[in-house]
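# Descriptive structure summary
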Amino acid sequence: MEPIVSGMQGPAVEDVQARLLGLGYSIDATELDAKQFGPATSAAVAEFRRNESLEAGSHVDGECWSRLVDASYKLGDRTLYLRLPNFHGADVMELQHALNILGFSCGKADGVFGPHTEAALQQFQENVGLFADGMAFQDTYSYINRLHHIWKGKPTVSDTENRTGFARAASVLEHTRIAVIGEDPIARNVASRMWNIATATTDRSGMVLCDTEPPEDVDVVFEIASSPLSGDAAPRATIVLADAPNISQRIRTALAAATDTPALLRFELTGITHYGSFTSSDSQALAILLLDGVCDALSD
């Protein structure tokens, strides 16, 4: 492209000015009204170039224009998905930041929609009960925006989970009515062990073990299964434990996004349970891990 430089006037200058204003840079009203690339516009461009670590100057060349366009995208401005060349821009970086905070690691938020971002987005969509296609449409943005109080302005969390203290776990169990359902023999084994541990933690535990339908007065329902939902089943909030190193954050995100009462969250044990090789010790360890994640998520 031909550089846009001081002294020029017209639609191209107006576009540059509008993008700079949207990014918080100051330009005199007289230059804006005239669509004139004057001293104030030059100063704003020079500051933008410095902030983007571009070569010093006050002109808008091809590289500066590309950076300006990327920086101007807001989350939700466009549909994002994996393609070549990859989508890149401030909206991608904000999506990555949100996913990282919500417990779906994309790696470093670099503003490039690559395969790690697609995988994290699919996990988020599955977690909140959306169709997990890895494409950020308005339905996905709607959920992310509803959860802005969790991720907006927050530092990225570590994937490492901390164990919930005994007193905090007891408090959660005493003040929350939790129904746990196991769909199959392995899942029922894990569910019953969760109930046993909860009861041993406090004799006032509000956790109930159910075969199918939960009681009407529960606050949240956790459904455990060893296999995925059938292909014709409606999507629901799901955490695949084999893909979730940060269970409590995944639970927290899914519950915050839930619209039904009581909230229903499905735990899938696919990839970590196998008939004939899944021992009672494995079941106990998994029950402890799940209960700890549940209590941590519900303790906020």
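Residues numbered from 1 in each chain as written. Predicted model: local features only at pLDDT ≥ 70, side-chain atom pairs only at ≥ 80, totals over all residues. Heavy atoms only, no water.

### What to know about the layout of surface pockets
Estimated volume of the largest pocket: approximately 290 Å³. Counting only elements with at least two residues in the lining of the largest pocket, the list comes to helix H11 (247–257) and strand E5 (263–268). Each residue belonging to the lining of the largest pocket can be placed in one class, and the counts come to 13 nonpolar, two polar and two charged. In terms of lining, the second largest pocket is formed by 14 residues, of which the most central are Glu126, Leu130, Leu229, Pro235 and Arg236. Across the lining of the second largest pocket, the residue classes break down as eight nonpolar, three polar and three charged. (1 Å grid on protein atoms, 1.4 Å probe; cavity = no way out; pocket = protein on both sides within 12 Å on 5 of 7 lines; lining within 4 Å. Points joined across faces, edges and corners; volume = space filled by probe spheres on them. Helix = DSSP H or I, 4+ residues; strand = E, 2+ residues; numbered from the N terminus. Nonpolar A, V, L, I, M, F, W, Y, C, P; charged D, E, K, R; others polar.)

### Quick look at the pattern of salt bridges
What the rule picks out here adds up to 14 salt bridges. The salt bridge partner of Arg266 is Glu183, with a shortest N-O separation of 2.8 Å. Of the two residues, Arg266 is situated in strand E5 and Glu183 in the loop between strand E1 (178–182) and helix H10 (185–201); the sequence distance between them amounts to 83 residues. Here Glu183 falls in the partly exposed class, since its relative accessible area comes to 38%. Between Arg266 and Glu268 there is a salt bridge; the shortest N-O distance is 3.1 Å. Pair check on accessibility: Arg266 and Glu268 agree, each one buried. (Salt bridge = Lys/Arg side-chain N within 4 Å of Asp/Glu carboxyl O. Buried < 20%, exposed > 50% of the residue type's maximum accessible area, 1.4 Å probe, protein only.)

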